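This is what each chain is made of:
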Amino acid sequence: MSYIYKRTPNYYETDMMGIVHHSNHIRYFEESRLAYMRSIGCDVAELEKLGVIIPNVDAYAKYFVPVRFGENVNIEIRLTMFTGIRMEFTYRVTKENGDLAAEGHTMHCFVNSDFKPISIKRKYAEYYNKLTEILEENV
């Protein structure tokens, strides 16, 4: 199940060429991931209160066409890998005219407050089940 996050770039996110700086796409990925997880009842802030931290361990973006200040974009996000210990999201950033601006992925793991890997399957089955429900295999 994919999720669409809508975003309009701010002026401060652009570079001297008048386009959204490439590093901001990674920020857009994070914004969309947090919104997606919140929408399915897996609020990251709530998980952190339980002692579950979800660090980003890998991020990748490929750029196709520039996005400029004020251009609306849609960020389509999918959970494409989930084991209960690790998960991967993929992203597609498209402009209003349908042009693909960027795509990428982020990889995350679940750790406790000592940054030791944990599986959420047993202790946090509710969250495990919610994430399993949106997993898109073989995408």
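The structure contained in this document is the topic of the report that follows. (Residues numbered from 1 in each chain as written. Predicted model: local features only at pLDDT ≥ 70, side-chain atom pairs only at ≥ 80, totals over all residues. Heavy atoms only, no water.)

On to helix α1 (residues 22-39). With 18 residues, α1 extends 27 Å between its outermost C-alpha atoms, agreeing within 8% with the 26 Å of an ideal straight helix rising 1.5 Å per residue. Burial in α1 covers these residues: N24, H25, Y28, F29, S32, R33, A35, Y36 and M37. In the stretch just after α1, G41 is the one whose phi turns positive, near 90 degrees. (Helix = DSSP H or I, 4+ residues; strand = E, 2+ residues; numbered from the N terminus. Expected span 1.5 Å × (residues − 1). Buried < 20%, exposed > 50% of the residue type's maximum accessible area, 1.4 Å probe, protein only.)

A complete count under the given rule lists eight salt bridges for this structure. R7 is the partner of E31 in a salt bridge, and the nearest nitrogen-oxygen pair spans 2.7 Å. Within this pair, whereas E31 is found in helix α1, its partner R7 is found in strand β1 (residues 3-7), the two being separated by 24 residues in sequence. Residue E46 pairs with K49 through a salt bridge whose shortest N-O separation is 3.5 Å. (Salt bridge = Lys/Arg side-chain N within 4 Å of Asp/Glu carboxyl O.)

This part is about the side chain of E76. Examined against the element boundaries, E76 turns out to sit in strand β3 (residues 73-82). In this structure the side chain of E76 is engaged in a polar contact, spanning 2.8 Å, whose partner is the side chain of R78. (Polar contact = N/O pair within 3.5 Å; in protein donor to acceptor, adjacent residues only side chain to side chain.)

The next thing to look at is the pairing of strand β5 (residues 100-109). In terms of burial, β5 is largely enclosed, as eight of its 10 residues are buried. In this structure, strand β2 (residues 56-63) lies alongside β5, joined through seven bridges in antiparallel fashion. Each bridged residue has a counterpart across the sheet, and for Y60 the counterpart in β5 is H105. Sheet analysis places strand β4 (residues 86-95) next to β5, joined by nine bridges and oriented antiparallel. Paired with E88 across the bridge in β5 is M107. Where β4 folds back on β5, the antiparallel hairpin that results is connected by four residues, among which G98 adopts a positive phi of roughly 95 degrees. (Pairing = 2+ DSSP bridges.)

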